[in-house]
Amino acid sequence: MRSSPLPRMSRRGRVTIGVLVGVFVLFTLLGWGVQAWTDWLWFEEVRYTKVFTGVLVTRLLLFLTIGVGLGLFVGGNLWLAYRLRPALRPHSLEQATLERYRMLLTPRIGTWISLTAVVLGLFAGLSGQSRWNQWLLFRNGGDFGVKDPEFGVDVGFYVFQLPFWRYLLGVGFTAVVLALLGALAVHYIFGGVRLQGVGDRMTNAARAHLTTLVAVFVLLKAVAYVLDRRAMLLEYNEGAKLYGAGYADVNALLPAKEILAYISVVVAIAIIVFSNAVMRNLVWPGIALALLGVSAVAIGGIYPWAVQTFEVKPSARDKEAPYIERSIGATRAAFGLGDTKTTGYAASHLTPPANLATDTSVVPNVRLLDPQLVSETYTQLQQVRGFYDFGPKLDIDRYSVANKTSDYVVGVREINYNELTDQQNNWINRHTVYTHGYGLVAAPANQVVCGGQPYFVSGFLGEKAQEACSSQAEQIPATQPRIYYGERMEENDYAIVGQADETRNAEFDRPTPTTGGEQYYTYTGEGGVEIGSFTRRLLYAIKEQESNFLLSEAVNDNSRLLYVRNPRDRVEKVAPFLTLDGDPYPAVVGGRIQWIVDGYTTAATYPYAERVNLQTETADELTNRGTFQLARENVNYMRNSVKATVDAYDGTVRLYEFDETDPVLKAWNKAFGGDLVLPKNAIPAELAEHFRYPADMFKVQRNLLTKFHVTDPGDFYSGQDFWQVPNVPDAPDSGQKQPPYYLFTQFPGQQGPRFQITAAVTPNGRQNLAALISGSYVDGQPKLEVWELPDQTRVSGPVQVHQQMTNNANIRQQLNLLSSNQAQVHYGNLLSLPFGDGMLYVEPVYVKSNQQDAYPLLQKVLLSYGDGGSYVVLADNLTDGIKQLVDQGKRAGQGTTPPPGGTPPPPPGGTDPPPLTGELAAAAERVQTAIVEVKAAQTSGDFERYGRALKALDEAMTAFQQAQQTAGPAPTPSGSPSAPAPTPSG
């Protein structure tokens, strides 16, 4: 008796392996079950269970359909190959060698085939379930109402249908190839295909089976050629450096694909007929396959190359012109650039006009506070406790206070769990005591007080502000100022709220500056998942791998678990089909703090449209510094179709339709029942007042406009009129792009001040100003505007202006006085403002001491008008700077040369300035005394003393300026900061 080809495993070994496999499967299923159950509870809390069930059911159905389909196809072909095995096999060394494998497989052939089919079906199912989004769009997508310029097919086919068809085609190819290889292996093992011995190398049954699979593969190739014809409108055109089919593609490759499709059908028929009905051998089928390969190379490769090389390249500008025009039109339509309003702006006025000093639309609204720089100031002055944090960048919004609308720098006082001390950072404190932040802190963007500080008007910890440099009452009141959901929350920063004893408050609420004590609080909102039952506690103990859910007395019958607390993560979870803007921002709406998150619908298959990478296009100086970096996603269609809100107190998520014409959003809404997204008319008016043109959408559109503002195909091909986004003005060598900035201002042609996001662009390869681009909302609709300067303009761009202003001899000396061994100078946003048929540039100058816990203070303002170099001012505040610019303009009109920097030149020879005498010396000594008191108060941590010291310093600086004006020009006292106005001022 022949021995078994493989040694048998002992009973103990089989039991051990069975136990290990069972334990692995048990823990895997337990993990999946816990994750699914907790996800269901979370979606039930936010009332978006349709998303959970819709995605889950779709993924399960695709997993089963694709997995079972591919598994049955491959398994069926393996079984068919076994059933077609020859009854008798000729004796040979090859067959003798294969006999041992036949002995192993034959007794359990059904098991081996089933196992193979299950494994392949499992991988196919996992691949299929990941295409749930493509399937939902395939099933629910409609028409765009726009037809492609080549075939006249609605764009909806490319966006909704084509991606899933191509995936199914790929599954078909995979299934046929696996079945062919598997069937060939089975036929070989069981003698249907032989490499040695007398007679035919393949039985008739094996030949019929294998050639049929080959024919099916070739037929699928014919289908692929048909789909490739449509997909050509999405490919990159190397000749025109654009996306979409070009001249050679349309006139050579397109007909070639059609011919190859017909040849593939003929070849498939020939393979079946010649191999089974006529000659019954593989010679002619092999010739047919070779013919297909030669045809693919000659017709699909050589011919299009010849057309491109000998016909297109010599006159590419003319040949590609119609296709360049297609790409321009499609790109502008796909990214919402079609309605961009372009206006010529001469910028020919190079002298500061007199009406700068009396303007009421632009100058009073100039934003001086840089949300990135003053974040440290907010943290130091409004932090109160070390675990509070405002993040590395604040936000810009606008509010109407006392019937006046202005832009404000806003930030939320959040809990930063990473800043808890070792004593505070235990499980009880982290998750049940320090549960929330408190207050939205806001300051007018164009006002500073107390030596350069923001003028805080909201977010106070008591009923009235105690700081001397803040408003004495809330100007932006929030009836519920507590922050349980915020940007500083990370994945494991869950909170357990709710107390069994209603008279005992366990959550730290806020310190009370008036009494020096602390207040505690108990959450009363509806947010969070109830975890009062033992089952829920056990469930989340497993999920978080934390036994305190079961053991701690802090978890009681009234407890709720708040998790997924980052507003962007919450929106992403309830709307996984959206691409979210990287900069959510808070707003007080109806007395509650709401996070506003812009959501984009995107696609990557819009015919002829330019394809961009979202991560690359939206990256600039602020990326990952208070903003979220977008994923590396390639898209060629983008709409800001959703405005989402997250309540900072109870975490309520709402999705509002913003673009009522977007077919992609309509498809997603239909896929989830039709009421997932609230209609646009349901947006509260007060909420709509805080909508702003989203930053990431604007960056993508701005970058595209640097090329696609050119609509003439010939000019586009030459590329001479392209623009570029300048680098950061104060660090041009960093390679980081200048971020766009939000302003409440009025540009030429606008009816009044408007909250808008703006950016300057320069000619490609040059640094002078080419255009200004603005995005805003007018009557609830997005509006893009471009103010284009003449080609040969003398007006400098942002990098040039900054260099010209800071390299001015007199200004450089003053900046050097500000930046000593004890301090550093930081530059805020360089604002480019069209005014009076010229350009006004404003750049705030901050000074930050090198002392510990120091923060930037706005000390000076750089201003320039015209070409950036002729009229330059470094002033104590904006009002004085505007007056100096106007005075320079008047002197220029009278034929006198304006002094550089707007102030008398420094003493010649680099000698020290003359000593101060009389009242000026006394005033300077008073300033020095006040500075010493400010430093002492800052070190002591006494905020009341610090406020008094700043007020005294402000008064001392005012007195010094008055004495300076009386005595004539004199140098600034050594070590003293410049003094902005003592009250809120521009």
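Residues numbered from 1 in each chain as written. Predicted model: local features only at pLDDT ≥ 70, side-chain atom pairs only at ≥ 80, totals over all residues. Heavy atoms only, no water.

Glancing now at the pairing of strand 34 (residues 871–875). Of all five residues that make up strand 34, five are buried, and the element is covered over most of its length. The alternating pattern of strand 34 places Tyr871, Val873 and Ala875 on one face and Val872 and Leu874 on the opposite face, and all of these are buried. (Buried < 20%, exposed > 50% of the residue type's maximum accessible area, 1.4 Å probe, protein only. Helix = DSSP H or I, 4+ residues; strand = E, 2+ residues; numbered from the N terminus.)

To continue, consider helix 12 (residues 374–382). Extensive coverage of helix 12 is indicated by the burial of seven of its nine residues. Among all positions in helix 12, only Val374, Ser375, Thr377, Tyr378, Thr379, Leu381 and Gln382 are buried. Positioned one or two residues after helix 12, valine 384 has a phi angle of 70°, which is positive.

Okay, a negative patch on the surface next. Taken together, the side chains of Glu325, Asp712, Asp715, Asp721 and Asp791 define an acidic patch exposed on the protein surface. Tracing the sequence through the fold places aspartate 791 in the loop between strand 29 (781–788) and helix 22 (798–807). (Patch = residues over 30% accessible without salt bridge, like charges linked within 9 Å, V, L, I, M, F, W, Y side chains within 5 Å. Areas by Shrake-Rupley, 256 points an atom, 1.4 Å probe, with all protein chains shown as cover. Salt bridge = Lys/Arg side-chain N within 4 Å of Asp/Glu carboxyl O. Lys, Arg positive; Asp, Glu negative; His and termini not counted. Charge placed at Lys NZ, Arg CZ, Asp CG, Glu CD.)

For strand 9 (residues 440–444), a buried count of five out of five residues is recorded, marking the element as mostly surrounded by other parts of the structure. Here strand 9 shows no split at all, with Leu440, Ala442 and Pro444 on one side and Val441 and Ala443 on the other all buried. By the bridge criterion, five bridges tie strand 6 (residues 404–412) to strand 9 in an arrangement that is antiparallel. Pairing of glycine 411 across the sheet is with valine 441, part of strand 9. (Pairing = 2+ DSSP bridges.)

Attention now goes to the sheet that holds strand 9. Taken in spatial order, the three strands make up an open sheet running 5-6-9, and their pairing is antiparallel. Lying at the two open borders of the sheet, with one neighbouring strand each, are strand 5 (395–401) and strand 9. The average angle at which neighbouring strand axes cross in this sheet is 45°, direction not considered. Pairing analysis gives seven bridges linking strand 5 to strand 6, with the strands arranged antiparallel. Note that in strand 6 the partner of isoleucine 396 across the bridge is valine 409. Strands strand 6 and strand 9 of the sheet are contacted by helix 12, whose axis makes an angle of about 120° with strand 9. (Axes fitted to C-alpha atoms, helices over the stretch in contact; angles between N-to-C directions. Contact = heavy atoms within 4.5 Å.)

Attention now moves to the state of the cysteines. Applying the stated criterion across every chain, the model contains one disulfide. Between cysteine 450 and cysteine 469 runs a disulfide, and the two sulfur atoms are separated by 1.9 Å. On the sign convention where negative is left-handed, the bridge of cysteine 450 and cysteine 469, at about -105° about the S-S bond, is left-handed. Pair noted here: cysteine 450 is in the loop between strand 10 (448–449) and strand 11 (453–454) and cysteine 469 is in the loop between strand 11 and strand 12 (482–483), with a separation of 19 residues, a long-range link. (Disulfide = S-S within 2.5 Å.)

Another point: the pattern of salt bridges. Scanning all chains against the criterion turns up 31 salt bridges. Note that lysine 699 and aspartate 696 form a salt bridge whose closest N and O atoms lie 3.7 Å from each other. With lysine 699 and aspartate 696 both in helix 20 (residues 695–708) and three residues apart, this pair spans about one turn of that helix. The residues lysine 699 and aspartate 696 share a single accessibility class, namely buried.

In a beta sheet, neighbouring strands are held together by backbone hydrogen bonds and run either parallel or antiparallel to one another. One open sheet accounts for three strands, arranged 13-17-16; its pairing is antiparallel. Two strands in the sheet have a free side with no partner beyond their single neighbour: strand 13 (495–497) and strand 16 (529–530). Pairing of strand 13 with strand 17 (residues 560–562) involves three bridges; the strand directions are antiparallel. Bridge pairing in strand 17 places valine 497 opposite arginine 560.

For the chain, the mean per-residue pLDDT works out to 86, and 88% of the residues sit at or above 70. Confidence drops under a pLDDT of 50 for residues 969–986, and excluding neighbours within four residues, the segment shows 58 contacts in the predicted structure. (pLDDT = per-residue confidence, 0-100.)

Take the packing of helix 11 (residues 321–334) against helix 20 next. Where helix 11 contacts helix 20, the axes come no closer than 11 Å and their chain directions differ by 160°. What the angle tells us is that helix 11 and helix 20 run roughly antiparallel. Of the two possible hands of crossing, helix 11 and helix 20 adopt the one that is left-handed. Here Ser327, Ile328, Thr331 and Arg332 of helix 11 come into contact with helix 20, specifically with Leu704, Leu705 and Phe708. Of the residues contributing to the contact of helix 11 with helix 20, the split by class is four nonpolar, two polar and one charged. (Parallel < 35°, antiparallel > 145°, perpendicular 65-115°, else oblique. Left-handed = near helix turned anticlockwise from the far one by under 90°. Nonpolar A, V, L, I, M, F, W, Y, C, P; charged D, E, K, R; others polar.)

Inspection of every chain in the model, using the stated rule, returns 44 aromatic pairs. Arranged with centres 5.9 Å apart and planes meeting at 85°, the rings of phenylalanine 508 and tyrosine 520 form a pair that is edge-to-face. Of this pair, phenylalanine 508 sits in strand 14 (residues 507–512) while tyrosine 520 sits in strand 15 (residues 517–521), placing them twelve residues apart in sequence. You can call tyrosine 520 partly exposed: its relative accessible area is 38%. The rings of Trp135, Phe138, Phe164, Trp165 and Tyr167 are connected pair by pair, giving a single aromatic cluster. Geometry around phenylalanine 151 places arginine 230 over its ring, the cationic atom sitting 5.2 Å from the centre. Across from the ring centre of tryptophan 42, 5.5 Å away, lies the NZ or CZ of lysine 573, which sits over that ring. (Phe/Tyr/Trp six-rings, centres within 6.5 Å; stacked < 30°, edge-to-face > 60°. Lys NZ or Arg CZ within 6 Å of the ring centre and 35° of its normal.)

Take unusual backbone geometry next. Non-glycine residue lysine 241 carries a positive phi angle of around 60°. Secondary-structure assignment places lysine 241 in the loop between strand 1 (236–237) and strand 2 (242–243). Classification of lysine 241 as partly exposed rests on a relative accessible area of 45%. In this structure, aspartate 779 takes a positive phi of about 55° despite not being glycine. Mapped onto the elements of the fold, aspartate 779 is located in the loop between strand 28 (771–778) and strand 29.

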